[in-house]
Amino acid sequence: MLIHPDVETAIRLCLRHNRPFVAYSAPGSSTLHFHSSGTTVECPGNRHFIISAFNSPVSEMLHIPLTHNAAETISLLADTIPSLPTYPSPLPPKPTTHSSYTAGLARVISHLRTHGGKCVISRAICGQYTDEADWIGFAKEYFNTYPDTHRYFYHTPQTGTWIVASPELLLRYDSTSMRLSTVSLAGTRIAGSKQPWDEKNIKEHNIVTDFITSTLRNAGIEPHTAPETSTMHFGHIEHLYDPIEAEAVLDKHQLMGLLADLSPTPALTGYPRKDALKLIEDTEGHKRLCYGGFIGFSEPDGSVETVVNLRCIHFGAGSYCIYAGGGIMPDSDPEQEWEETQHKSRTARYLAEKMIKHP
């Protein structure tokens, strides 16, 4: 992916001025589009970039009207002095240690063996950087590594700055064709295995599929799934994958309700969702912030496209954090789960070390 010089300049100016922006590229595209905004207040009639934090009410979703392209942003900001932020962006958390992660998983596994279900526990992989850190270079290489994902580089004063390469569509709705699409994506292993998927991963994936299809049916929408589950490749790992489609007539209120019902899915929390969220709160030593929430676009005609905020890195004020997690089942092994998070975060960790000049 070649990032246009104007887009690079606009990103740097927006970060310097604490101005909301999003740079994004659709799966398979080699173009990084850019828009900025002077506000995070919804403007009716505009196309918006939307951000919802993990397990956050849709009423708290940010709506960033896409009002200026890269050239216009440069014209607005190039000769102005940055003002002090009215409030600080959330800082990345402290890193999760091996001992705290595996000890927490042991407690979760014990709970699941008694009560059943599934729980997704994440860890924070963090570090420090100097002002010379090349985050645009990081994004360029990260996006090139995963060309078939939904790629975002965004910032708002409320969320801080995030770089995302997500394989997981949460909800796409075309108001003209009335077509609705989502996916069930769960189960993880090293890519290239010749063996059938094991029972643990299949069971974990089926929980997610059942949750999504049940949620749609409860909303009066009949989902259609593929005859067979397939495998999606994501760099050096792969996941079980089921596309799910439906037809429905939905207004904005119904769409927001459906997003609230779907997010976070068991792929990000576990199942039953209420029990899993309690386990996450009791086990994880960090706030997920935007990780595990969703981002995307809403159109003036009522169409939306949202993806899960996954495979992401969050940075600001000299520190960064890579988030990675795994679905924990009663037969999970803490060491194997730690290794799964290592595999999921390997590319981001490598590029962070490559791009960031440490103090």
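Being a predicted model, the structure only gives us computed values, none of them experimental.

1. Focus: the overall build of the protein chain
(1) Moving on: Along the protein chain, the regular secondary structure elements total eight helices and 17 strands.
(2) Moving on: In summary, the protein chain has a C-alpha radius of gyration of 20 Å against a globular reference of 21 Å for 359 residues, a match within 12%.
(3) Moving on: Each principal axis of the C-alpha atoms in the protein chain carries an extent, and together these give about 60 × 50 × 40 Å.
(4) Moving on: The proportion of buried residues among the 359 residues of the protein chain is 55%.
(5) Moving on: For the protein chain, long-range pairs separated by at least 24 residues make up 73% of all intrachain contacts whose partners lie at least 6 apart in sequence.
(6) Moving on: With the model as given, the accessible surface of the protein chain reaches about 15,900 Å², and the carbon-plus-sulfur share is 52%.
(7) Moving on: Counting 30 positive and 39 negative side-chain charges, the protein chain places the averaged centre of each group 4 Å from the other.

2. As for the packing of aromatic side chains
In this description, a pair of aromatic rings is defined by centroid distance and the angle of the planes.
(1) Moving on: Evaluated as defined, the whole model comprises 19 aromatic pairs.
(2) Moving on: Aromatic pair Tyr-129 and Trp-135: ring centres 5.3 Å apart, planes at 85°, arrangement edge-to-face. Across the pair, Trp-135 and Tyr-129 agree in class, each one buried.
(3) Moving on: The rings of Phe-21, Phe-34, Tyr-129, Trp-135, Phe-138, Tyr-142, Tyr-146, Phe-153, Phe-234, Phe-315 and Tyr-320 are connected pair by pair, giving a single aromatic cluster.
(4) Moving on: Sitting over the face of the ring of Phe-54, Arg-288 holds its NZ or CZ atom 4.4 Å from the ring centroid.
(5) Moving on: The cationic tip of Arg-311 hangs over the ring face of Phe-234; the distance from NZ or CZ to the ring centre is 4.9 Å.

3. Digging into the nonpolar core
(1) Moving on: Counting residues in each nonpolar core, the largest one holds 65 residues, and the members touching the most others are Phe-49, Tyr-152, Tyr-154 and Leu-180.
(2) Moving on: Excluding residues that lie within four positions of it along the chain, Leu-180 makes contacts with Leu-171, Arg-172, Tyr-173, Leu-216, Ile-221, Ile-244, Glu-245, Ala-246, Leu-250 and Leu-258.
(3) Moving on: In terms of nonpolar packing, the next biggest core, distinct from the first, is built from 39 residues, Cys-14, Phe-34, Ile-74 and Phe-234 among them.

4. So, helix α1 (residues 5-17)
(1) Moving on: When the terminal C-alpha atoms of α1 are compared, their 18 Å separation across 13 residues agrees well with the 18 Å that a helix rising 1.5 Å per residue should span.
(2) Moving on: At its buried positions, α1 is contacted by β1 (21-25), β2 (33-36), α2 (70-77), α4 (135-145) and β6 (150-156).
(3) Moving on: Positive phi appears at Asn-18, one or two residues downstream of α1, with a value of about 60°.

5. Remarks on unusual backbone geometry
When glycine is set aside, most residues are seen to have a negative phi, and most peptide bonds are trans.
(1) Moving on: Ser-263 connects to Pro-264 through a cis peptide bond whose omega is -5°.
(2) Moving on: Of note, Pro-264 is situated in the loop between α6 (252-262) and β13 (270-271).
(3) Moving on: With an omega of -5°, the peptide bond running from Tyr-271 to Pro-272 counts as cis.
(4) Moving on: Position of Pro-272 relative to the elements: it lies in the loop between β13 and α7 (273-283).
(5) Moving on: Backbone geometry at Asn-18 places phi at a positive 60°, although glycine is not the residue there.
(6) Moving on: Positionally, Asn-18 belongs in the loop between α1 and β1.
(7) Moving on: One non-glycine residue with positive phi stands out, namely Asn-55, at about 50°.
(8) Moving on: As for its position among the elements, Asn-55 is in the loop between β3 (48-52) and β4 (62-65).

6. Details of the sheet that holds strand β7 (residues 160-166)
(1) Moving on: Reading across the sheet, the eight strands line up as β2-β1-β6-β7-β16-β17-β5-β13 and stay open at both edges, with antiparallel pairing between neighbours. At either end of the open sheet lies a strand with only one pairing partner, and these are β2 and β13.
(2) Moving on: Sheet analysis places β1 next to β2, joined by four bridges and oriented antiparallel. Bridging from a neighbouring strand, Tyr-24 pairs with His-33 of β2.
(3) Moving on: Contacts from helix α5 (residues 199-218) reach β5 (118-128), β13 and β17 (319-328) within the one sheet, and its direction differs from that of β5 by about 100°.
(4) Moving on: Contacts from α7 reach β5 and β13, with the element oriented near 35° to β5.

7. With respect to the packing of α4 against helix α8 (residues 334-355)
(1) Moving on: For the pair α4 and α8, the least separation of the axes is 10 Å and the interaxial angle reads 150°. When the interaxial angle is binned, α4 and α8 end up roughly antiparallel. When you trace α4 past α8, the crossing you get is right-handed. Residue-level inspection shows Gly-137, Phe-138, Glu-141, Tyr-142 and Thr-145 of α4 in contact with α8, the latter providing Thr-347, Ala-348, Leu-351, Ala-352, Lys-354 and Met-355.
(2) Moving on: Partitioning the contact of α4 with α8 into residue classes produces six nonpolar, three polar and two charged.

Here is what the cut-offs are and how they apply
- Residues numbered from 1 in each chain as written.
- Predicted model: local features only at pLDDT ≥ 70, side-chain atom pairs only at ≥ 80, totals over all residues.
- Heavy atoms only, no water.
- Helix = DSSP H or I, 4+ residues; strand = E, 2+ residues; numbered from the N terminus.
- Rg over C-alpha atoms; globule rule 2.2 N^0.38 Å.
- Buried < 20%, exposed > 50% of the residue type's maximum accessible area, 1.4 Å probe, protein only.
- Contact = heavy atoms within 4.5 Å.
- Areas by Shrake-Rupley, 256 points an atom, 1.4 Å probe, with all protein chains shown as cover.
- Lys, Arg positive; Asp, Glu negative; His and termini not counted.
- Charge placed at Lys NZ, Arg CZ, Asp CG, Glu CD.
- Phe/Tyr/Trp six-rings, centres within 6.5 Å; stacked < 30°, edge-to-face > 60°.
- Lys NZ or Arg CZ within 6 Å of the ring centre and 35° of its normal.
- Core = buried A, V, L, I, M, F, W, Y, C linked by side-chain atoms within 4.5 Å.
- Expected span 1.5 Å × (residues − 1).
- Pairing = 2+ DSSP bridges.
- Axes fitted to C-alpha atoms, helices over the stretch in contact; angles between N-to-C directions.
- Parallel < 35°, antiparallel > 145°, perpendicular 65-115°, else oblique.
- Left-handed = near helix turned anticlockwise from the far one by under 90°.
- Nonpolar A, V, L, I, M, F, W, Y, C, P; charged D, E, K, R; others polar.

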